[in-house]
Amino acid sequence: MRIGFIGLGIMGLPMAKNLIKAGHSLAVYNRSRRPVDEMVALGAKGCSSSKEVASLSDFVITMLPDSPDVKDVVLGPSGVIEGLKPGTTLIDMSTISPKVSIAIALEIEKRSCEMLDAPVSGGQKGAVDGTLSIMVGGKKEVYERALPILKSLGRVIVHVGDHGAGETVKLCNQVICAINIVSMCEGMALCKKSGVDIEKMIQVVSGGLGASNIISSLAPKILQGDMEPGFKLKLQQKDLRLALELAESLKLPLVATGLAHQVFRIAESKDLGDKGTQALFKAYELMG
Ligand code: NAP
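For every chain, the first residue of the written sequence is number 1, and numbering continues from 1 onward in sequence order. For a predicted model such as this one, the threshold for reporting local features is a pLDDT of at least 70, and the threshold for listing and counting side-chain atom pairs is 80 or more; totals across whole chains, interfaces and linings nevertheless cover every residue. Heavy atoms from the whole structure form the basis of all side-chain values; hydrogens and water molecules are not counted.

In this analysis, a patch consists of residues with relative accessible area above 30% that form no salt bridge, clustered at 9 Å for like charges and at 5 Å for the nonpolar side chains Val, Leu, Ile, Met, Phe, Trp and Tyr. Using a 1.4 Å probe, the Shrake-Rupley method yields the accessible areas, and only the shown protein chains count as cover for residues. Each reported salt bridge corresponds to a side-chain nitrogen of Lys or Arg within 4 Å of a carboxyl oxygen of Asp or Glu. Together, Val-156, Val-158, Val-160 and Val-169 line one region of the surface with nonpolar side chains, adding up to about 260 Å² of accessible area. In this text, helices come from DSSP runs of H or I with a minimum length of four residues, and strands from runs of E with a minimum of two, each type numbered from the N-terminal end. Sorting elements by how many residues they give to the nonpolar patch places strand E9 (residues 154–161) first, with three residues. Within the secondary structure layout, Val-169 lies in helix H9 (residues 165–193). For Val-169, a relative accessible area of 30% translates into the label partly exposed. Burial status follows relative accessibility: with a 1.4 Å probe on protein chains alone, a residue under 20% of its type maximum counts as buried, one over 50% as exposed, and anything between as partly exposed.

Structure follows, in structure tokens:
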């Protein structure tokens, strides 16, 4: 299939590589050139705009940071919408506002094209290994047409509802993950300050009810002092903001999510926004 890929960052680059490995023909674009050159060396066609990517593709995938980025890349000047041919499908795999996602889908449909929101969970490792969880919103028949592509990227792939439902489910996922990260960092900070071996604490907690994927993927990084981003703390903050905005529109109190958002703000104020979410532990160390 002729696939276009826009946004070759921590997640997008390994995802694009998996599409090439699966035998798809790929046209790519990214704001900075380096990852485009890396993909060209693997056989992708490097493009100089999102419009050019769309003009060469039957499916266009976007993997960008936030709602304004997706809006700009899809609807802005030299954007995807200018290159779309009728029948093309846009699959936005970024985590963005469900409301913005629905608005973009309506614009895309005016061009006789289709859109799916298909955000992912599983982190950088899931992107590299092709084992992401993918939550998909949009028309069922469009989802079924896109499924062979999504299967090159993920393992658990679920159609969760109409436009925006994928993004809504992703925000639920982020609420669960972020609060888990805060609880892990608080347990680790308490252990360290008490003078007890954190590594042994993690070992034994991981065999009990406190075990989690968050602990197994992030605690080893904290123990090694590795704060490099698999998932940037500032993007986690974007997701919590989006979850709180959604909850506000529903008049639903999300008390612990609000607290987690403020706790991560402390880490941002200590200049840790471009580090991985595990850098929250550093903020606790600086406070304690
Ligand atoms: P990232 O590393 O910051 O990558 C974003 C990429 O988008 C960068 O390569 C950036 O280019 C490119 N970009 C930004 N604006 C652009 C534009 N106007 N035109 C073309 N390219 C543009 O972020 P990421 O971690 O891959 O995350 C991407 C999305 O996936 C986010 O919505 C995030 O919340 C979500 N997500 C991330 C993870 C994770 O573990 N990292 C997991 C699940 C979901 P430059 O090279 O110029 O910066």
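Pairing is possible between side chains of opposite charge, provided their charged atoms come close. This model, assessed by the stated rule, comprises 20 salt bridges. Between Lys-238 and Asp-239 there is a salt bridge, and its shortest N-O distance comes to 2.9 Å. Overall, Asp-239 belongs to the buried group, its relative accessible area being 0%. The partner of Glu-285 in a salt bridge is Lys-282, with the nearest N and O atoms 3.7 Å apart. With Glu-285 and Lys-282 both in helix H14 (residues 280–287) and three residues apart, this pair spans about one turn of that helix.

Every one of the 25 residues lining the ligand counts as a neighbour, but Asn-30, Ser-32, Gly-230, Lys-232 and Lys-238 are closest to it. Within the side chain of Asn-30, a nitrogen or oxygen atom sits 2.8 Å from an oxygen atom of the ligand. Under the rule applied, a polar contact is a pair of N or O atoms within 3.5 Å (in protein, one hydrogen donor and one hydrogen acceptor; residues adjacent in sequence only if both atoms are side-chain atoms). The separation between an oxygen atom of the ligand and a polar side-chain atom of Ser-32 is 2.6 Å. Here the ligand loses 89% of its free accessible area of 910 Å² to cover by the protein chains. Listed by contribution, the elements that provide at least two residues to the shell around the ligand are helix H7 (123–129) and helix H12 (233–250). Looking at the shell around the ligand, the element that brings in the most residues is H12, giving three residues. Here the term charged refers only to Asp, Glu, Lys and Arg, the term nonpolar to Ala, Val, Leu, Ile, Met, Phe, Trp, Tyr, Cys and Pro, and the term polar to all other amino acids, Gly among them. Grouping the constituent residues of the shell around the ligand by class yields 11 nonpolar, nine polar and five charged. Each of two domains, domain 1 (2–162) and domain 2 (168–287), supplies a minimum of three residues to the shell around the ligand. A molecule or strand has a residue near it when one of that residue's heavy atoms lies within 4 Å. The domain boundaries here were taken from an automatic or database domain assignment.

Attention now goes to the pairing of strand E4 (residues 59–62). The side-chain alternation of E4 yields two buried faces, one formed by Phe-59 and Ile-61 and the other by Val-60 and Thr-62. One ladder, built from four bridges, connects E4 with strand E5 (residues 89–92); its direction is parallel. Bridge assignment links Val-60 to a residue of E5, and that residue is Leu-90. When DSSP finds at least two bridges between two strands, those strands are taken to pair.

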